[in-house]
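Okay, here's what each chain looks like letter by letter:
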Amino acid sequence: MDLGSNSFHMVVARLVHGEIRTLEKMGEKVQLGAGLDERNRLTESAQQRALDCLRRFAQRLQGMPRESVQVVGTNALRVARNAHQFISRAEDVLGYPVDIIAGREEARLIYLGVSHTLADDEGRRLVIDIGGGSTEFIIGQRFEPEQLESLHMGCVSFRHQYFRDGRISRRQMDLAITHAEQELLNIQRRYRALGWQSAIGSSGTIKAISSVLASLKLTDGTITRSGMQELRQRLVDMGHTDRLQDIGVRDDRQSIFPAGFAILMGAFQSLDIDRMTFTDGALREGLLYDIAGRIQHEDVRERTIGGLQERYHVDQEHGAAVEATAVALWQQVAASWGIAHANDEEVLRWACRLHEIGLTISHSQFHKHGAYLLRYSDLPGFSQQFQQDLAILVRGHRRKFAPSIFEGLEPEESLRLRRLCVLLRLAVLIQHPRNLEPPPEARLTAHGDKLTLAFPKGWLDDRPLTLADLTNERDYLAKQNLKLTIRDGGDNAID
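Residues numbered from 1 in each chain as written. Predicted model: local features only at pLDDT ≥ 70, side-chain atom pairs only at ≥ 80, totals over all residues. Heavy atoms only, no water.

Chemist: Hey, could you run me through the overall build of the protein in this one?
Modeler: Counting secondary structure elements, the protein contains 17 helices and 14 strands. When its C-alpha atoms are laid out on the principal axes, the protein stretches across 90 × 45 × 45 Å. Across the 495 residues that make up the protein, the buried fraction comes to 53%. Restricting to contacts in the protein with at least 6 residues of sequence separation, those with at least 24 account for 69%. Counting 62 positive and 66 negative side-chain charges, the protein places the averaged centre of each group 4 Å from the other. (Helix = DSSP H or I, 4+ residues; strand = E, 2+ residues; numbered from the N terminus. Buried < 20%, exposed > 50% of the residue type's maximum accessible area, 1.4 Å probe, protein only. Contact = heavy atoms within 4.5 Å. Lys, Arg positive; Asp, Glu negative; His and termini not counted. Charge placed at Lys NZ, Arg CZ, Asp CG, Glu CD.)

The structure is reproduced here in structure tokens:
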């Protein structure tokens, strides 16, 4: 499900012998982006429009396993200051988590959807997707993107700025096209230098332009430079969006059509595009193929984590030892602590592998450097919330276990991440000697805020530094009302 700035889309499909077969598609014009007020907060009326749509979508999702459903928000929710409030309400309606994805992650998923709907040809292709609040530009070959960009311009935002009253004047059209070209200056030289053999459009806006060009018999539906120039003149001559029905523009798209056209015209001129074809593949199809990849153990997130380990020279063997220890502890308390979902295991595993990523910058406070890298890097496959979770675990894996680490989170989410963070902290301390020992046969039990960690008899006697680390950790946790009891064989707790 794609919660776009202009439209909400849902596609339901089945994976059959490795191929995705679409069962049903649904889409509604919600115009969430138009519901942002002057303070970039979603108005109550806009939220209600969106929630009403989601209630209709939700009926189709009933009974589907959580791991088979992905719901993502794009530019409007990236921008909205009260996005967390809307997401909480949307999750209550749907019964599934809603993730906000970064612009480049949106671009990656769009390219994934487009590349699976085209012939598997050699050569680079340029893909453009014009949304309500952002426009994505991707260059790639086959299924691999090489350049990903998301620019802050869309058909809803341009309509507000240039065509608010529906009038289409030459001056306003020229201003809108120039604005689009200015936005493209940042990528123009790089994209034109890399080049492409074919240009593909993948959004409703581009589909509408293709359809109009065909209905006017300016082209066969192919979007050409000459066809765009002729359509530009006709739009100005028509003078108002009310007349766009005469050239076949649907009622629900008339108000945003000139804005979308201006963005595409700016792209044609800035990037020197001669012709473009339209394809149906888009973000929602990309989400489906992303889910399928995870089911078939082709998870792009694993590649992203591996790439980070390589780029920042992370000690991968030590990370694997910490991961094995943390997972062994997690398996024992996941049920009693309410952290048994697959997402909980994933974020714990990846935080273990990356907990030392900040060492590349400095040893001093490297946990804070690592958290910053994970929070603000473009990480293919990850939503903004998942990146935030990773950053919080890495930030909290050593030194003070301060409440400020979990500030701004909902109570339920704060509790979940606190508990996962405790497991990471314990695993890091047990593997502090860095001798790559397998996890000890320790028993961990949890009852609310009380933890008991019992080691085999004599294990801690042979590791006095580990005992000292764990004793210090007990004090850190006590300041957050978490009681850690350490046992070394038998029933007696270690003071």
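Chemist: Teacher, can you tell me more about the sheet that holds strand β2 (residues 7-16) here?
Modeler: Within a sheet, neighbouring strands are paired by backbone hydrogen bonds and run either parallel or antiparallel to one another. On the basis of which strands lie adjacent, the open sheet formed by five strands has the order β3-β2-β1-β4-β5 and mixed pairing. Where the open sheet ends on each side, the last strands, each with one partner, are β3 (19-29) and β5 (99-100). In the sheet, strand β1 (residues 2-3) pairs with strand β4 (residues 72-73) via two bridges, with the strands oriented parallel. Within β4, the residue paired with D2 across the bridge is V72. (Pairing = 2+ DSSP bridges.)

Chemist: Teacher, can you tell me more about the packing of aromatic side chains here?
Modeler: Where two aromatic rings form a pair, the distance of their centres and the angle of their planes describe that pair. For the coordinates displayed, the defined rule picks out seven aromatic pairs. Aromatic pair F382 and F386: ring centres 5.4 Å apart, planes at 55°, arrangement tilted. Among the residues examined, F382 registers a relative accessible area of 1% and is labelled buried. Pairwise contacts between aromatic rings join W350, F382 and F386 into one cluster. The ring centre of F386 lies 5.9 Å from the NZ or CZ of R301, which sits over that ring. A cation over an aromatic ring shows up here: R375 above the ring of Y376, its NZ or CZ 5.6 Å from the ring centre. (Phe/Tyr/Trp six-rings, centres within 6.5 Å; stacked < 30°, edge-to-face > 60°. Lys NZ or Arg CZ within 6 Å of the ring centre and 35° of its normal.)

Chemist: Got a minute to help me understand the nonpolar core in this structure?
Modeler: The nonpolar side chains of a soluble globular protein tend to be buried, and buried together. Ranked by internal contacts, the top residues of the largest apolar core, which has 59 residues, are L374, L423, L453 and F455. Ranked by residue count, the leading element in this core is helix α16 (residues 411-430), at eleven residues. Apart from residues lying up to four places away in sequence, F455 is in contact with I430, P440, A442, L460, L470, I486, R487, D488 and G489. Among the nonpolar cores identified, the runner-up in size contains 50 residues, and I223, L231, I263 and M276 belong to it. (Core = buried A, V, L, I, M, F, W, Y, C linked by side-chain atoms within 4.5 Å.)

Chemist: What is the right way to read unusual backbone geometry from this model?
Modeler: Excluding glycine, residues mostly carry a negative phi; peptide bonds, for their part, are mostly trans. Of note, R399 is a non-glycine position whose phi angle comes to about 60°, a positive value. Residue position: R399 is located in the loop between α15 (384-395) and α16. A positive phi angle, close to 55°, is found at R434, a residue other than glycine.

Chemist: Sorry if this is basic, but what is going on with the pattern of salt bridges here?
Modeler: Where charged atoms from two side chains of opposite charge come close, those side chains can pair. Applying the stated criterion across every chain yields a total of 33 salt bridges. Where R56 meets E28, a salt bridge forms, and the shortest distance between an N and an O atom there is 2.8 Å. In this pair, R56 is assigned in helix α1 (residues 44-61) and E28 in strand β3, connecting sequence segments 28 residues apart. The partly exposed category is assigned to E28, whose relative accessible area is 22%. With its nearest N and O atoms 2.5 Å apart, the salt bridge here joins D344 to R416. Separated by 72 residues along the polypeptide, D344 in helix α13 (residues 342-354) and R416 in helix α16 bring together distant segments of the chain. (Salt bridge = Lys/Arg side-chain N within 4 Å of Asp/Glu carboxyl O.)

Chemist: Is there a simple way to explain the sheet that holds strand β14 (residues 483-488) in this structure?
Modeler: An order of β12-β13-β14 is seen for the three strands of this open sheet, with the pairing classed as mixed. One side of each edge strand has no neighbouring strand; the edge strands of this open sheet are β12 (443-447) and β14. Across the sheet, the mean angle from the axis of one strand to that of its neighbour is 15°, orientation sign disregarded. Across six bridges, the pairing between strand β13 (residues 450-455) and β14 is parallel. Paired with L453 across the bridge in β14 is I486. Along the sheet, helix α12 (residues 316-337) makes contact with β12 and β13, crossing β12 at roughly 15°. In this fold helix α17 (residues 464-478) packs onto β13 and β14, with an angle of close to 160° to the strand it touches most, β14. (Axes fitted to C-alpha atoms, helices over the stretch in contact; angles between N-to-C directions.)

Chemist: Could you clarify how one ought to interpret the side chain of Q254 in this entry?
Modeler: Mapped onto the elements of the fold, Q254 is located in the loop between α8 (225-238) and α9 (257-271). Judged by its relative accessible area of 10%, Q254 falls in the buried class. In this structure the side chain of Q254 is engaged in a polar contact, spanning 3.0 Å, whose partner is the side chain of D251. (Polar contact = N/O pair within 3.5 Å; in protein donor to acceptor, adjacent residues only side chain to side chain.)

Chemist: Before we go on, may I ask you to explain the pairing of strand β11 (residues 275-278) in this structure?
Modeler: Regular strands place side chains that alternate from one sheet face to the opposite one. Sheet topology note: the strand β9 (residues 198-201)/β11 ladder contains two bridges and is parallel. The residue bridging G201 from the neighbouring strand is F278, located in β11. Two elements, strand β10 (residues 223-224) and β11, share two bridges in a ladder whose sense is antiparallel. Within β11, the position partnered with T224 by the bridge is R275.

Chemist: Explain the state of the cysteines to me, please; I cannot follow it from the model alone.
Modeler: Working definition: the covalent bond between the sulfur atoms of two cysteines is a disulfide. Under the counting rule described, the total for this entry stands at zero disulfides. The thiol sulfur of C53 is not disulfide-bonded, and the nearest other cysteine sulfur, from C155, lies at 16 Å. Given a relative accessible area of 2%, C155 falls into the buried group. (Disulfide = S-S within 2.5 Å.)

Chemist: Can you walk me through the environment of W330 in this structure?
Modeler: Structurally, W330 is set in helix α12. On the basis of relative accessibility, which here comes to 8%, the residue W330 falls in the buried class. C-alpha separation for the pair W330 and D344, spaced 14 residues apart in sequence, amounts to 9.3 Å. If we ignore the near neighbours within four places in the chain, the residues touching W330 are I339, A340, H341, D344, E345, L348, L420 and L423. Polar side-chain contacts of W330 include one of 2.7 Å to the backbone oxygen of I339.

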